[in-house]
Amino acid sequence: MLLWSKRSRAIVLAVFTLVVLIVFIAPLATVVLAGFAGSWNGPLPSGLGFGRFGEALSGDNLASLSVSLQTAFIAGGLALILGTWAAIASREAPDWLRRITDAVFHLPIAVPSVAIGLGLLIAFNNRPLLLGGTRWIVILAHFVLVLAFAFSAVSAAMDRLNPAFRQAAESLGASPARVLTRVTLPLLLPALGAAAGLAVALSMGELGATVMVYPATWKTLPVTIFGLTDRGQAFQAAASTTVLLLVTLLALVLLGRIRGRAALR
Amino acid sequence: MTDLKANTPATATLGASAQPTAGGTPAITFDNVGVAYGRGKKVTHALVDFSLQVAPGETVALLGPSGSGKSTALNALAGFVRPTSGTVLLAGRDVTDLPPAKRGIGVVLQSYALFPHMRVEENVAFGLKSHRVPRGEIGPRVTEALDMVGMSSFGKRLPRELSGGQQQRVAIARALAIRPGVLLLDEPLAALDAQLRQSMLAELQLLKEALPDTAMMYVTHDQAEALALADRIVVMNNARLMDVDTAENLWKRPPTSFTAAFLGGANLIPCTVSSVIGNSALVGLAGQNLSADAPQTAGVEWEAGSAALLCIRPHALQIGAVTESGAIPATVNASVWRGATTRVVLSVDGLPDRLIDVDTPGHTSLQVGSQVGLRFPEPAGVLVRIPQ
Amino acid sequence: MTAVLDRPAPAPDTNTPRRAPLRIGPVLWALPPLIIVLVAAVYPLIRVCLESIKLRDGGLGLDTWTSVLGSQAFRSALWRTVAIAVTSTIGCLILGTFLAIVLAFVPFPGSTLVGRVIDTILSLPSFLITLAFTFLYGTAGAVNALISSITGAQTPLLNFLYTPAGVIAAEITFFTPFVIRPLLAAFSLLPRAQLDAAASLGASPLRILRSVIMPEAWPALMAGGSLVLLLTLNEFGIVLFTGAKGVMTLPVLIYTRGIVTFDLPGAAVIAAVQVVLSLALYITYRAIFARVTAGKTQEG
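All of these numbers come straight from a predicted model, not from anything done at the bench.

A.B. asks: Please explain the overall build of chain B as it appears in this structure.
C.D. replies: A count of helical and extended segments in chain B gives 9 helices and 20 strands. For chain B, the spread of C-alpha atoms along the principal axes amounts to about 80 × 50 × 45 Å. For chain B, the proportion of its 388 residues judged to be buried stands at 44%. Partitioning the intrachain contacts of chain B with sequence separation of at least 6 by distance along the chain shows that 66% fall at a separation of at least 24.

This is how it looks when you write it as structure tokens:
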């Protein structure tokens, strides 16, 4: 609709494909390839094999993967619950409260993650709330960072929800609790699934705040990967990164499938 | 209160027709209800000074163009909007501050709003469960409601598997299942195509007969719906109530020019009242003296010599040869065949600045620019006051 | 009952307007999440500010502030951070606009898939790009090896990985989708009929681009651009993986000060500066965003 001749379209699409390949596909493919490689001295890797992946799925690396998954699901789950609660409740609240909630919940997007990490480190390192040195400070950091996205996603979904459903339910005599559990939440289910997927993905890749607060007993996979690159083990880092990518994508796909009967095909 | 003149039996004054004819507590009462949005200079009034009473079992249509306030009145009654002034009563009980869940009204929204994640029977049962109807009773009542709208075999379907008309019937069943004293319908036929509209109109008429004790209020912009379904019609414009009366009265003796034009389409021709005798008057227009109905509105009589509007429906006028006696010469401006009738637009000598619409039956082929004769019926029409 | 008038009555009611009754319930329901976030996010940030004014001897003062703000390391890191962020944003805008225009207006089979892939990249960690670059563009990387094998040169041609250029390249790769998204949304609102009409009137694709498409794109570009500026200012993973040898930005400086040298007050000062900077930018972004959406609803 913009380009009408076959020739101009072909040229533009060729440039487009080249750009996408170089900018987006190449890095992804490289990391995956490097994970398979024994060494990479020329234009192409050599010594391809699964050895590094075996290493990536055992010992320390496997433990880190498990730590990342646990953190992602706990922090993501809590963030989803609290974000949904806040999104729904602030809609009923008076305007001033809704605006404050909106501003406060979006705060973690506005500030660098290291600042959040530093803040948590300083704030929760003493009594009465001693979380430093335990897994909970890491989970708390991820929770704070992911909460903003969960709140934002659920709020956007609530905006798109047709108010007629709620009106119909109320006219039929439903109490607010019944409207929430039987009508609003089931209709929000697809959006909640997508928000959960996003939350888990963001948590799996989080580095800035984690690196400020993590105890030696609770190393997430990105932290481990950083350690590997720091020590010069780039290939192993690539293999572990590929594992991280695959697990993240898997979580995204699985959680995105939660649609319930409310979704229109 | 306004008087009822002894020799005008057919004309109900407007004050009286704001009340239902039956006795007892009205099912619905609007008392000076107003709804306004915004503050200070930016106030928009969605509804102003709306007062109305509806008797139990009566059907009332709120008719008006968009922005007339009819949907706002419905929302205020249902509780979806809180009035900024006035009170709303249901069977004599003040419900103005009551949330919608506690009002016991059945509402059928324009978009139907069937819960997409529930099957048809679950949708219909929703209101019963919310009202804590004993579990054993729910099944039979769901069946009863679905039977009433002819959707008994669709119980297990999901809403997205139903057509528009079927969805609407389920929405009606859902509202009726809780056996409300009042049923509200918001533009029930707007979303249906022409053919479906006809059959649904017939079904709604049957529904009305099947529920003699339920007061019904329709919101519509389509005057054909209002005429077909309502005992009384409330004509609204610009957030206000303009006229309320039975369909018959509003049609034959429209109190305002707005109602005359909105309900049925009309020619409103300026004329001068020559003389008044009882309910009739002689008026002069286009050099002719015609007799017209002159109903008294708000108890004020027509004065000889005053200006007025003659309201005459397009299908009541006749077109013939210009040489016929008593025919007013006119030129054809346009002629559009519409199937059952032809709409002919005439410009009449003696009536400058005004085009007259005439509906002739069948397909009339008249050349644009040709001379024809326009004949008024006897009486020529009904007098309507010129709006201030 | 009051008589019903047939003429519009003069100015409205003499009834006193009723006030909506105050409902405590909704406020109570909305408070707990707010309180939790205030404790978990706002309180730590306040503690950071407090920490930044702590002195070594235990008192309070602005000594840490003056020493940090005056230090060369901070100044050059601040300059470096802003320069990288601005350059990356410009790069993202240019690249993103081109890609969005092609995706929206030059349809090809699989365009939705490409859009989906670009969207997924947003969920991946940013350091992945830098890691990939090491293999691709590093001095011992694939591209250099390819060029050497073709040209026969001994010294590697591409040597930008550990320079700001490497960081900028990585950031452009990672953050361009943040520009593509709002652009695609804005373009989807543009009626195709407008483009067809313009073409039928004889306009070349470039002219259509300039006078029909770009005016629609400016608000989305501004919104996307300010978001990317904010995100690149705060980016940590990419810079960390690049290594502190060539590139030091403020977030990495916070990390090294706080964790490596354990100078918490110093780190707190830098963190406070960065929080103020990014909050100001975020508020600007929201203001622009509000104007964009308000404009759209007015036209609709």
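Further notes follow.
A.B. asks: Looking at this model, I keep getting lost on the overall build of chain A. Mind explaining?
C.D. replies: What chain A contains, in helices and strands, is 11 helices and 0 strands. When the helices and strands of chain A are read in sequence order from the N terminus, they spell out α-α-α-α-α-α-α-α-α-α-α. Expressed as lengths along the three principal axes of its C-alpha atoms, the size of chain A is roughly 70 × 70 × 30 Å. Taken over 265 residues, chain A has a buried fraction of 48%. A separation of at least 24 residues holds for 72% of the contacts in chain A among residues at least 6 apart in sequence.

A.B. asks: How should the domain arrangement of chain A be read in this particular structure?
C.D. replies: Interface size is often expressed as the accessible area that is lost when the parts come together. All names here are of chain A. What the domain assignment lists for chain A is domain 1 (1–49) and domain 2 (62–256). Centre-to-centre, using C-alpha coordinates, domain 1 lies 33 Å away from domain 2. Residue composition of the side of domain 1 that touches domain 2, by class: 4 nonpolar, 1 polar and no charged.

A.B. asks: Would you mind going over the sheet that holds strand β3 (residues 59–63) of chain B with me for this structure?
C.D. replies: Residue and element names in this part refer to chain B. A sheet is described by the order of its strands in space; here 6 strands give the open sequence β6-β7-β8-β3-β9-β10, paired in mixed fashion. Whereas interior strands pair on both sides, the edge strands pair on one side only; in this sheet they are β6 (105–108) and β10 (240–246). Each adjacent strand pair in this sheet contributes to an overall mean axis angle of 15 degrees, direction not counted. In the sheet, β3 pairs with strand β9 (residues 232–237) via 4 bridges, with the strands oriented parallel. Within the sheet, the bridge partner assigned to L62 lies in β9 and is V234.

A.B. asks: Help me out: how do you make sense of the pairing of strand β18 (residues 355–361) of chain B in this one?
C.D. replies: Looking along a regular strand, one sees the side chains alternate between the two faces of the sheet. All names here are of chain B. In this structure, strand β17 (residues 341–348) lies alongside β18, joined through 7 bridges in antiparallel fashion. What sits directly across from V344, in β18, is V358. The loop that links β17 with its antiparallel partner β18 comprises 6 residues; one of these, G350, has a positive phi angle of about 90 degrees.

A.B. asks: Sorry if this is basic, but what is going on with the interface of chain A and chain C here?
C.D. replies: The interface of chain A with chain C comprises 68 residues on the first partner and 70 residues on the second. Examining the composition of the side of chain A that touches chain C, we find that 13 residues originate from one element, helix α1 (residues 6–36) of chain A, more than from any other. Classifying every residue of the side of chain A that touches chain C gives 54 nonpolar, 12 polar and 2 charged.

A.B. asks: What should I look at first to understand the sheet that holds strand β16 (residues 328–337) of chain B in this one?
C.D. replies: The strands making up a sheet associate through backbone hydrogen bonding, with each pair oriented either parallel or antiparallel. Residue and element names in this part refer to chain B. Ordered in space as β15-β19-β16-β17-β18, the 5 strands form an open sheet in which the pairing is antiparallel. A single partner strand is all that each edge strand has here, and the edge strands are β15 (318–320) and β18. Looking at each pair of strands side by side, their axes are set apart by 45 degrees on average, direction ignored. Sheet analysis places β16 next to β17, joined by 7 bridges and oriented antiparallel. Its bridge partner lying in β17, A334 is registered against V345.

A.B. asks: I'm lost on the environment of G106 of chain B in this one. Help?
C.D. replies: Within the fold, G106 of chain B resides in strand β6. For G106 of chain B and A177 of chain B, which are 71 residues apart along the polypeptide, the C-alpha to C-alpha distance reads 8.6 Å.

A.B. asks: How should unusual backbone geometry be read in this particular structure?
C.D. replies: Leave glycine aside and you will find that most residues have negative phi; peptide bonds, for their part, are mostly trans. Residues and elements named next belong to chain B. Cis geometry marks the peptide bond from E378 to P379; its omega dihedral reads -5 degrees. Positionally, P379 belongs in the loop between β19 (371–375) and β20 (382–384). Backbone geometry at Y112 places phi at a positive 70 degrees, although glycine is not the residue there. For Y112, the position within the fold is in the loop between β6 and α3 (120–130). Its identity as a non-glycine residue notwithstanding, A113 has a phi of 55 degrees, on the positive side. Within the secondary structure layout, A113 lies in the loop between β6 and α3. Overall, the presence of 24 C-beta atoms within 10 Å leaves A113 in the buried class.

A.B. asks: Would you take a moment to explain the packing of helix α8 (residues 176–205) of chain A against helix α11 (residues 234–256) of chain A for this structure?
C.D. replies: The description of two helices packed together rests on the angle between their axes and the distance between the axes. Residue and element names in this part refer to chain A. Packing of α8 against α11 leaves a shortest axis separation of 7 Å and a crossing angle of 165 degrees. By the angle between their directions, the pair α8 and α11 is classed as roughly antiparallel. In this structure, the crossing between α8 and α11 has a hand that is right-handed. From α8, G193, A194, A196, G197, V200, A201, M204 and G205 reach across to α11, where they touch L244, V247, T248, A251, L252, L255 and G256. A class-by-class count of the residues in the contact of α8 with α11 yields 10 nonpolar, 5 polar and no charged.

What counts and how
- Residues numbered from 1 in each chain as written.
- Chains lettered and ligands numbered in written order.
- Predicted model: local features only at pLDDT ≥ 70, side-chain atom pairs only at ≥ 80, totals over all residues.
- Helix = DSSP H or I, 4+ residues; strand = E, 2+ residues; numbered from the N terminus.
- Buried ≥ 20, exposed ≤ 12 C-beta atoms within 10 Å, placed from the backbone.
- Contact = placed C-beta atoms within 7 Å.
- Domains from an automatic or database assignment.
- Nonpolar A, V, L, I, M, F, W, Y, C, P; charged D, E, K, R; others polar.
- Pairing = 2+ DSSP bridges.
- Axes fitted to C-alpha atoms, helices over the stretch in contact; angles between N-to-C directions.
- Parallel < 35°, antiparallel > 145°, perpendicular 65-115°, else oblique.
- Left-handed = near helix turned anticlockwise from the far one by under 90°.

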